Amino acid sequence: MSAVLDDCLRHEGYATGLAGTGVEALDLLSRGEYDVMLLDRDLPVLSGDEVMRTADRLRIPVRTLMLTAAGSIEDRVHGLDLGADDYLPKPFAYPELLARIRALLRRGDADDAPTVISRGRLSVDTVRRLAYADGRPLDLAPREYSLLEELLRADGGWINTRALLESLWPSEAHDQPDLVKTAVYSLRRKLPDPSLIASSRGEGYRIP
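Residues numbered from 1 in each chain as written. Predicted model: local features only at pLDDT ≥ 70, side-chain atom pairs only at ≥ 80, totals over all residues. Heavy atoms only, no water.

Topic: the overall build of the chain
What counts is decided by this rule: Each helix is a run of DSSP H or I of at least 4 residues and each strand a run of E of at least 2, with the numbering of both proceeding from the N terminus. Relative accessible area decides the class of each residue, using a 1.4 Å probe on protein chains only: under 20% of the type maximum gives buried, over 50% gives exposed, and in between gives partly exposed. When checking whether two residues touch, look at their non-hydrogen atoms; a contact exists if any pair is within 4.5 Å. Each accessible area value is a Shrake-Rupley result obtained with a 1.4 Å probe; residue values ignore everything except the protein chains displayed when judging cover.
Helices and strands together make up the secondary structure of the chain, namely eight helices and nine strands. Sorting the 208 residues of the chain into buried and exposed places 41% on the buried side. Contacts in the chain between residues at least 24 apart in sequence constitute 53% of all its contacts with a sequence separation of at least 6. Per element, the accessible surface of the chain, about 11200 Å² overall, is 49% carbon and sulfur.

See below:
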């Protein structure tokens, strides 16, 4: 998978370095400047967790997107507590990976922006990518989290279906409104009250 991703990211125009073990990863980080590191937790020789701990201890300035087959909320919290900037469970969709990379690169220009966005009973921590309702954590899939963050950023305003399609499915067809309807339905089921997300024909969706 690493070799395929390396080829794909080079095709997207990124300059990349490829490490097959945790030791090689630390060696690359020590010899070059990288904006983003895609880090698998299950690396051989030295685990991704140890790479993250070492990079954090050495204060290596790289934003880290951690990849893992373990996708429970406890695993995500653990990975983020190690110092990762974002967390993506496998299997993942390539367009979403690209969107996460772009978001991490943009974050370099927004370090002073608030990291917690709240409205009413809902909030998200944009650094840890964790969501809460009434102060209690929500176990959301990555797309559900991204949808909730987009709605919270609107600060009570309406977001239409096309805007959500372009934001959450940036590399896919934008003529499939059912993608948004399905994502909203899935997110509402995990909220303590489905009415926390309002909808209106012609307007879209909002958090009142």
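Overview of the pattern of salt bridges
Stated formally: Just to be clear on terms, a salt bridge is a Lys or Arg side-chain nitrogen sitting within 4 Å of an Asp or Glu carboxyl oxygen.
Taken as a whole, this structure holds twelve salt bridges when the rule is applied. The salt bridge involving Arg41 is made with Asp49; its shortest N-O contact spans 2.8 Å. Residue classification places Arg41 among the buried positions, given a relative accessible area of 13%. Accessibility expressed as a relative area gives 11% for Asp49, which makes it buried. Across the pair Arg53 and Glu50 runs a salt bridge, and its minimum N-O distance is 2.6 Å. With Arg53 and Glu50 both in helix H3 (residues 48-57), this residue pair falls three residues apart, about one helical turn. For Glu50, a relative accessible area of 32% puts it in the partly exposed group.

Considering the environment of Ile117
Tracing the backbone through its elements, the reader meets Ile117 in strand S4 (residues 116-119). Judged by relative accessible area, Ile117 falls into the buried class, the value being 13%. The spatial distance from the C-alpha of Ile117 to the C-alpha of Leu152 is 6.6 Å, given a sequence separation of 35 residues. Leave out the neighbours within four places in its chain, and Ile117 touches Leu122, Ser123, Val124, Thr126, Leu152 and Arg153.

Focus on the packing of helix H6 (residues 142-153) against helix H7 (residues 161-168)
Keep this limit in mind: Structural elements are reduced to axes, namely lines fitted to C-alpha atoms, with helices fitted over the stretch in contact, and the angle between N-to-C directions of any two is expressed from 0 to 180 degrees. In this scheme, roughly parallel covers angles under 35 degrees and roughly antiparallel covers those over 145, while 65 to 115 is roughly perpendicular and the rest are oblique. The sense of a crossing depends on the near helix, which, turned anticlockwise from the far helix by less than a right angle, makes the crossing left-handed and, turned clockwise, makes it right-handed.
Packing of H6 against H7 brings their axes to within 11 Å, and their N-to-C directions diverge by 130 degrees. By the angle class used here, H6 and H7 are oblique. Both H6 and H7 take part in a crossing whose hand is right-handed. Taking contact as the criterion, the partners of Arg143, Ser146, Leu147 and Glu150 in H6 are, on H7, Leu164, Ser167 and Leu168.

Examining the sheet that holds strand S5 (residues 122-125)
Where we set the bar: Note on pairing: DSSP must find at least two bridges between two strands before they are called paired.
With respect to topology, four strands assemble into an open sheet ordered S4-S5-S6-S7, the strand pairing being antiparallel. Single-partner strands in this sheet number two, and they are S4 and strand S7 (136-138). Across the sheet, the axes of successive neighbouring strands diverge by a mean angle of 25 degrees, strand direction being ignored. Inspection of the sheet shows strand S6 (residues 130-133) paired to S7 by three bridges, in the antiparallel sense. Note that in S7 the partner of Ala133 across the bridge is Arg136. Where H6 meets the sheet, its contacts fall on S4, S5, S6 and S7, and the angle it forms with S5 comes to roughly 110 degrees.

Any functional reading would require information that these geometric values do not contain.
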